[in-house]
Every structure is written in structure tokens, then in C-alpha cells.
Amino acid sequence: MNRAQTNIRTNLPLWIPRIVALACLFLMISCQDDSEAPGTSKISSRTGPNKKTIETPPLNETLSAHFKLIEDKRTGPARIRIRQWLNDHPEDARAEFLMGLSHHRDRRYARALTWLQDAIQHEPVYPPAWHFLGWTHYYLGNPEPARRAFEEHLVMDPEEGDTHFGLGLLDIEAWQLDDAERHFQLAIELQADLPHRVKGVSKAKARLSEVIEIRDENNQEAILLLQESVELYPDHYEAWYRLSQLLEKEGRTEEAQLAQSSFEEARERMRPQGETSE
């Protein structure tokens, strides 16, 4: 396993809050706020003239309540209610997506995969299903299906920065560093003005710093990106750790020690001693 692959696999806990970070978006769907709902952003020049976005069908009041249960980690009760809904509304892509999301939230990726694959087969298309199908394949170690799902989602919603972030991770694993840099830059650009996506921007900056370090061995630029990352999201303990290592490598010992202390404090806040990962 190469250096980038090792870093990615040991950084998994950072991505778990992604579901919570996207919660605002899905709740906005239920309120039909077209300015923020996935899939409703205008076509950008990056998508080309023959591609179009697909508007995400709104969740009704009942399905919004089921999503709220998932958001609150009450996935068992959510699944009971979603199953009841599906009994009366078979082949409802929104409900199948929520069932898959509930398993994804529990890290039961094989079960999530089945539901998400069902969701993408039905009309109307529900774009978030493609997004989470990409992440589910990623966690299952299926890079090519993950890439196809992410790319399909970008056709529907070219402005989703987290999908670009996922593609960037796949590019690092494939050692396609130029492509990784492009996707991380887009992840930053598309989320920079969204207050609820601060963590997403922080993660993308941290990963971009990794690409810069690997490809150009430009520790100064990588350090600057990591500093920006932790300034945006001080609980990003993986970024603090990498920052401490790079500062030490540059002979900035005092700064490295401060970064190491910040890493330990952030890790304790996010992963208290004795607490296991979900």
C-alpha cells in the first residue's frame, strides 16, 4: 500500500460526519428551498452544453420525519417507519434512498448498497441516492463503481462539492494527482460560501495539502493549506497531526509542538479515551 492510500484509510473517522453535514441539505429539500437543495443548482461551464441538472423531488412531511430519525441516529425506528411507507408506496426512490441511508449511517454498507441500487432504478430519479451510492462503494472498497456513481451524480448536480471530494480521494488512490488536485479545488470552491459546509472545505484543504506535498514536495504550501484547514475546523485532528509533522520537518519545532498539542486536544474532543468508533 502506498503512502497516499495509507493516509486515506487511516482518516476514515473524519468522513463520518458527512451525513450530518448533508443533513441541512436534505432538510432544505423538505422545505423546497431551491436555492440550496441538491440538484437544483444551475448548469456550470464545467458540465458542458449537453448535460443538465435534475431537480431533486422534495421529501414530504412523513419522509422528512423519517430522515430526522436517521439524523438523530435513531435508525431502527426510522427503518420500521420507512418499511411501513414502502408497503403502501412500493418503488418509491426517496424511501428506498432513506432506507439505504439508515444502513449507511450504521456503517452497514452491504445492506445500504442493496437499497441504494434499488433507489437509482426508479423514477423520478432521486440524485442523493447516486451520491451515497458512491460513498457506499468507496467504503466497500469498490473504486470503479464508486467513481461511476459519483460521476453520474455530478451530471445531475454539478455543484455538489462533496462529490468532487469523493472523486479526489479516488484519484489519490489511483495516483492521479493532477485530477485529485482539480477535484479538491472544486470541492473548496463549491462549498466555500456555504456556512454549513465548513467541515467539507476543511477536509478538502487538508487533502489538497497532501497532494501538494506528495507531488511537489512543497511543504510551505502544504503547511499553509493545513493551517487554513484547522482554522476553519479546529476539531480536524488529522489535519493538526499532519501539520505538526510538516512543521517538525521544516525545523519549526515550537510551532510543531503547539500543533501536536492541538492535535491531542482535538482528538480527545472528538474521540474521548475509551470511546470506540461508531
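All values derive from a computational prediction rather than experimental measurement. (Residues numbered from 1 in each chain as written. Predicted model: local features only at pLDDT ≥ 70, side-chain atom pairs only at ≥ 80, totals over all residues. Heavy atoms only, no water.)

K.L.:
Where do I start with helix 13 (residues 219–232) in this structure?
P.N.:
Since the α-helix turns once every 3.6 residues, residues separated by three or four places project in the same direction. With 14 residues, helix 13 extends 20 Å between its outermost C-alpha atoms, agreeing within 8% with the 20 Å of an ideal straight helix rising 1.5 Å per residue. Within helix 13 the residues assigned to the buried category are Asn-219, Ala-222, Ile-223, Leu-225, Leu-226, Ser-229 and Val-230. Looking straight down helix 13, one finds that the buried residues subtend no more than 165 degrees of arc, so they occupy a single side. For helix 13, the secondary structure elements touched by its buried residues are helix 12 (198–216) and helix 14 (237–249). (Helix = DSSP H or I, 4+ residues; strand = E, 2+ residues; numbered from the N terminus. Expected span 1.5 Å × (residues − 1). Buried < 20%, exposed > 50% of the residue type's maximum accessible area, 1.4 Å probe, protein only. Arc of directions from axis to C-beta. Contact = heavy atoms within 4.5 Å.)

K.L.:
Explain the packing of aromatic side chains to me, please; I cannot follow it from the model alone.
P.N.:
Each pair of aromatic rings is reported with the distance of its centres and the angle of its planes. Tallied over the entire structure, the rule returns eleven aromatic pairs. Ring centres 5.9 Å apart and planes at 80 degrees place the aromatic pair Trp-135 and Tyr-138 in the edge-to-face group. Of the two residues, Trp-135 and Tyr-138 are both situated in helix 8 (residues 127–139); the distance of three residues between them amounts to about one turn of the helix. Neither residue differs from the other here; Trp-135 and Tyr-138 are each classed as buried. With centroids separated by 6.3 Å and ring planes inclined at 35 degrees, the aromatic side chains of Trp-135 and Phe-165 adopt a geometry described as tilted. Taken together, the residues span a long stretch of sequence, with Trp-135 in helix 8 and Phe-165 in helix 10 (residues 161–173) at a distance of 30 residues. (Phe/Tyr/Trp six-rings, centres within 6.5 Å; stacked < 30°, edge-to-face > 60°.)

K.L.:
Honestly, the confidence of the model for the chain in this entry has me stumped. Any pointers?
P.N.:
When pLDDT is low, close inspection of the predicted coordinates is not appropriate. In this model, the chain carries a mean pLDDT of 83, and residues with pLDDT of at least 70 account for 78%. Contacts of residues 1–51 to residues separated by more than four positions or lying in other chains number 115 contacts, the stretch itself having pLDDT below 50. (pLDDT = per-residue confidence, 0-100.)

K.L.:
What should I look at first to understand the pattern of salt bridges in this one?
P.N.:
When charged atoms on two side chains of opposite charge get close, those side chains can pair. Overall, the coordinates contain 14 salt bridges when judged by the stated rule. Among the salt bridges present, the one from Glu-181 reaches Arg-215, with a minimum N-O distance of 2.5 Å. In this pair, Glu-181 sits in helix 11 (residues 177–191) while Arg-215 sits in helix 12, placing the two residues 34 residues apart along the sequence. One network of salt bridges, in which partners are shared, links Asp-178, Glu-181, Arg-215 and Asp-216. (Salt bridge = Lys/Arg side-chain N within 4 Å of Asp/Glu carboxyl O.)

K.L.:
I keep staring at the environment of Asp-162 and nothing clicks. Help me out?
P.N.:
Mapped onto the elements, Asp-162 comes out in helix 10. Expressed as a C-alpha distance, the spacing of Asp-162 and Ala-187, which sit 25 residues apart in the sequence, is 6.2 Å. Engagement of the side chain of Asp-162 in a polar contact is seen with the side chain of His-131, the distance being 3.0 Å. (Polar contact = N/O pair within 3.5 Å; in protein donor to acceptor, adjacent residues only side chain to side chain.)

K.L.:
Just to check I follow, could you spell out the environment of Phe-97 for this structure?
P.N.:
With respect to the helices and strands, the residue Phe-97 is situated in helix 6 (residues 93–105). Assessed through its relative accessible area of 1%, Phe-97 is described here as buried. Phe-97 sits 36 residues away from Leu-133 along the chain, and the two C-alpha atoms are 9.3 Å apart.

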